[in-house]
Amino acid sequence: MKIQENAVVGLTYELKVSKEEDGIESAPFSVEIRDEEDPFYFLFGQSGLPEKFEELLAGKAEGESFAFDIAVADAYGEPDDELVISLPAEQFSGERGFSPEMLDEGNFLPLVDENGYSMQAKVLKNMGETLLLDFNHPLVGFDLHFEGKINEVREATKEELEHGHVHGEHGEHE
């Protein structure tokens, strides 16, 4: 079976990213590895990754390898200044499960938006009473370089299609 609409896909990959500054592409560095121990399973069309990622996988079959680059514009885009926000530090208290060291600059805070979706914000500056947080996706501004292998392609079950995600012992994710 080939990767197509309503297929469940299991794959392993390494994601490297690079950034172009002043016309010079930085050396790609690895940001995520999904190996045989922890393959990435998704329902085609619902991976949560840039659309281009799925477009480039469409039509491939089990056992095939892949390697492709996704430019910033087709990946997570450029940083949006409106997503850099100051919030009162008291919102990140111990009672809410945040420890003081979690608020150190450069850390990512695990947050939930008003609809209950998980998101993360990077602490740009801790100014004591307020925190300057960046809600941009951590990979904005980067070119993505994927390299991997397709381990499994199967038809999604009725249940998986109804819920829009894969479950079972393989590839269970929120």
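Just so it is clear, the model here is predicted, and its values are computed rather than measured.

A. Inspection of the layout of surface pockets at higher detail. Each pocket or cavity is described by its volume, and for the second largest pocket that value is around 170 Å³. Split into classes, the residues belonging to the lining of the second largest pocket amount to four nonpolar, two polar and three charged.

B. Here's a closer look at the side chain of T12. With respect to the helices, strands and loops of the structure, T12 is situated in strand β1 (residues 7-18). Those residues in contact with T12 that lie beyond four places of it in its chain are R34, D35, E36, P39, F66, E147, G148, K149 and N151.

C. Highlighting the nonpolar core. With 23 residues, the main nonpolar core has L11, F42, F53, L57, F66, L144 and F146 as its most contacted residues. Elements represented by at least two residues in this core include exactly β1, β5 (40-43), α1 (51-57), β6 (65-70) and β11 (143-155). Looking at this core element by element, the count peaks at six residues for β1. If we ignore the near neighbours within four places in the chain, the residues touching F42 are A7, V8, V9, L11, S47, F53, E54, L57 and V166. Of all hydrophobic cores here, the second largest spans twelve residues; its members include F98, L109, V123 and L133.

D. The packing of aromatic side chains, seen in detail. Going through the model one piece at a time under the given rule, you end up with eleven aromatic pairs. Judged by centre distance (6.0 Å) and plane angle (85°), the ring pair of Y13 and F40 falls under edge-to-face. Residue Y13 is found in strand β1, and its partner F40 is found in strand β5; the two are separated by 27 residues along the sequence. Just as Y13 is buried, F40 falls in that class too. Judged by centre distance (5.2 Å) and plane angle (80°), the ring pair of F92 and F98 falls under edge-to-face. As far as burial versus exposure is concerned, F92 and F98 are alike and both buried. The ring of F142 carries the charged tip of K19 above its face, separated from the ring centre by 4.2 Å.

E. Region of interest: the sheet that holds strand β8 (residues 108-112). With antiparallel pairing, the four strands of this open sheet are ordered in space as β7-β10-β9-β8. Across the chains shown, the open sheet's two edge strands, defined by having one partner strand only, are β7 (84-88) and β8. Each neighbouring strand pair of the sheet contributes to a mean axis angle of 40°, computed without reference to strand direction.

F. Quick peek at the pattern of salt bridges. Considering all chains together, one arrives at six salt bridges under this definition. With a shortest N-O distance of 3.7 Å, K52 and E55 are connected by a salt bridge. Taken as a pair, K52 and E55 lie in helix α1 at a separation of three residues, close to a single helical turn. Under the relative-accessibility criterion, K52 is labelled partly exposed at 27%. Taking the shortest distance from any N to any O, the salt bridge between E160 and R154 comes out at 3.0 Å. With a relative accessible area of 2%, E160 lands in the buried category. Salt bridges here are not isolated pairs; linked through shared partners, they connect E32, R34 and D38.

Cut-offs and rules
- Residues numbered from 1 in each chain as written.
- Predicted model: local features only at pLDDT ≥ 70, side-chain atom pairs only at ≥ 80, totals over all residues.
- Heavy atoms only, no water.
- 1 Å grid on protein atoms, 1.4 Å probe; cavity = no way out; pocket = protein on both sides within 12 Å on 5 of 7 lines; lining within 4 Å.
- Points joined across faces, edges and corners; volume = space filled by probe spheres on them.
- Nonpolar A, V, L, I, M, F, W, Y, C, P; charged D, E, K, R; others polar.
- Helix = DSSP H or I, 4+ residues; strand = E, 2+ residues; numbered from the N terminus.
- Contact = heavy atoms within 4.5 Å.
- Core = buried A, V, L, I, M, F, W, Y, C linked by side-chain atoms within 4.5 Å.
- Buried < 20%, exposed > 50% of the residue type's maximum accessible area, 1.4 Å probe, protein only.
- Phe/Tyr/Trp six-rings, centres within 6.5 Å; stacked < 30°, edge-to-face > 60°.
- Lys NZ or Arg CZ within 6 Å of the ring centre and 35° of its normal.
- Pairing = 2+ DSSP bridges.
- Axes fitted to C-alpha atoms, helices over the stretch in contact; angles between N-to-C directions.
- Salt bridge = Lys/Arg side-chain N within 4 Å of Asp/Glu carboxyl O.

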